[in-house]
Structure formats: structure tokens, C-alpha cells
Amino acid sequence: MIQSLFIMSTTGEVLIEKHWRGLTPRSVCDFFWDEVCGLDDKEEIPPIITLARGFLITVHRYEMFLLAKVEREMPVLLCLEFLHRVLDILHEYLGVVDEESIKESFSLVYQLLEEMMDNGYPMTTEPNALKAMIKAPTMMGRVVAAATGRSDFVSDALPDGTISSMPWRKAGVKY
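Reading the values: the criteria
Residues numbered from 1 in each chain as written. Predicted model: local features only at pLDDT ≥ 70, side-chain atom pairs only at ≥ 80, totals over all residues. Heavy atoms only, no water. Pairing = 2+ DSSP bridges. Helix = DSSP H or I, 4+ residues; strand = E, 2+ residues; numbered from the N terminus. Axes fitted to C-alpha atoms, helices over the stretch in contact; angles between N-to-C directions. Contact = heavy atoms within 4.5 Å. Buried < 20%, exposed > 50% of the residue type's maximum accessible area, 1.4 Å probe, protein only. Arc of directions from axis to C-beta.

1. Let's talk about the sheet that holds strand β4 (residues 54-61)
Right, so step 1: Taken together, the five strands give an open sheet; going across it, the order is β2-β1-β5-β4-β3, and neighbouring strands pair in antiparallel fashion. The open sheet has two edge strands, β2 (14-19) and β3 (48-51), and neither has a second partner. Strand-to-strand twist of the sheet, defined as the mean angle between neighbouring strand axes without regard to direction, takes the value 20°.
Right, so step 2: Two strands pair when backbone bridges link them, and β4 and strand β5 (residues 64-70) are joined in this way by seven bridges, in the antiparallel orientation. Looking across to β5, one finds that R61 is bridged to M64.
Right, so step 3: Helix α4 (residues 106-116) rests against β1 (2-9) and β2 of the sheet, and its axis sits at about 30° to β2.

Structure follows, in C-alpha cells:
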């Protein structure tokens with residue numbers, strides 16, 4: 001499925017790269033950036049770019065580029081939906097999705113990517129389930145993390161969504 005994911009700024013800087021199935025060289029991002037620079041408008045970039053070994057599936061939102069490198073043919077809409085879902089989750093957690101907020105919350109973004117995908121296959125993409133597993137950052141949490149050097153993003157308790165047969169619904173709800 002998805003081999004690697006890159007989050008790039010509009011200046012061409014790679015902010016985050018996450019590899020699930022082997023290492024993808026950053027030359028893929030250079031190739032992509034050459035394609036972007038060759039266009040008049042950054043919005044004109046095609047969602048699928050054919051590479052010598054695989055495909056590059058791209059999304060441009062919030063002045064950011066998300067690139068997914070895939071080796072073989074796969075359902076493209078699944079990959080595009082996952083990339084949009086990543087941006088939606090980042091928007092819920094960070095509020096404003098831009099280069100600065102991604103850099104400030106690097107470990108949180110990395111943990112979210114770790115929970116959202118397993119070995120290249122999308123797993124947990126429901127916001128409620130993710131919020132039960134990974135706490136959203138707060139100002140008090142940032143102060144405590146700066147003072148103690150500890151990050152308390154990951155919850156200690158097992159999330160309710162893992163017990164329920166429907167992941168978007170909490171377990172034990174009675175009407």
C-alpha cells in the first residue's frame with residue numbers, strides 16, 4: 001500500500017517524512033518540487049505522478065503538500081481520502097495547519113501518523129478514537145512539558161472505541 005508519506009511546505013522544505021515499507025529517498029520530493037516549479041499555479045499539480053518505480057499521490061491543502069509514495073497500483077481514491085483525512089485530523093488537533101504549527105508539534109504529528117496507519121494500511125482515522133488514544137495539546141500541557149521535559153500526549157487508559165464493535169461510538173452508551 002503506502003510506502004512513505006512526506007509533508008512539505010510551499011517552499012519545498014520537507015517538514016515530516018514517515019516510512020512504513022522501506023526507505024524512500026528524498027529525491028522523490030526533489031522530483032515533485034521540480035514538477036511544481038514548472039507550473040504557473042501550484043494548484044495545477046496532478047494528483048498522481050508516475051515515477052520510474054511506482055507512483056506519487058499528492059494533495060495540496062492549507063498551503064501544504066502531502067505526498068504518498070506507492071510502489072504498486074492501488075485504489076487511488078483510498079490513498080487520496082487518507083491524505084485528506086490526515087489533514088482533517090491535523091486541523092482538529094492543531095487548529096491552524098501551517099509550517100510553524102507542524103514544526104512546533106512534530107512529536108504529536110508523528111504519533112498521529114503512527115496510529116493512523118499500520119505497515120502502509122490505514123487503520124484508525126476516526127477523530128474520536130484518536131482523541132481517546134492521543135491527547136490534544138493544551139497550553140498547560142506545553143508548560144508542563146517544557147518544565148519537566150516529558151510529553152503526556154499518549155493516554156494511559158485503553159480507549160473506549162477499542163472495546164466497542166463500532167469504532168466511532170463509545171462503549172457502554174445506554175439510551
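2. Focus on unusual backbone geometry
Right, so step 1: Even without being glycine, Y62 reaches a positive phi, approximately 55°.
Right, so step 2: You can call Y62 partly exposed: its relative accessible area is 31%.
Right, so step 3: Positioned with a positive phi, N119 is a non-glycine residue whose angle comes to about 55°.
Right, so step 4: Judged by relative accessible area, which is 40%, N119 ranks as partly exposed.

3. What to know about helix α1 (residues 27-37)
Right, so step 1: Residues of α1 that are buried include every one of V28, C29, F32, W33 and V36, and no others. All buried residues of α1 project into a common sector of 135° when viewed along the axis, lining one side. What points out from α1, more than 90 degrees from its buried face, is the exposed set D34 and C37.
Right, so step 2: Elements that come into contact with the buried residues of α1 comprise β1, β2, β3, β4 and β5.

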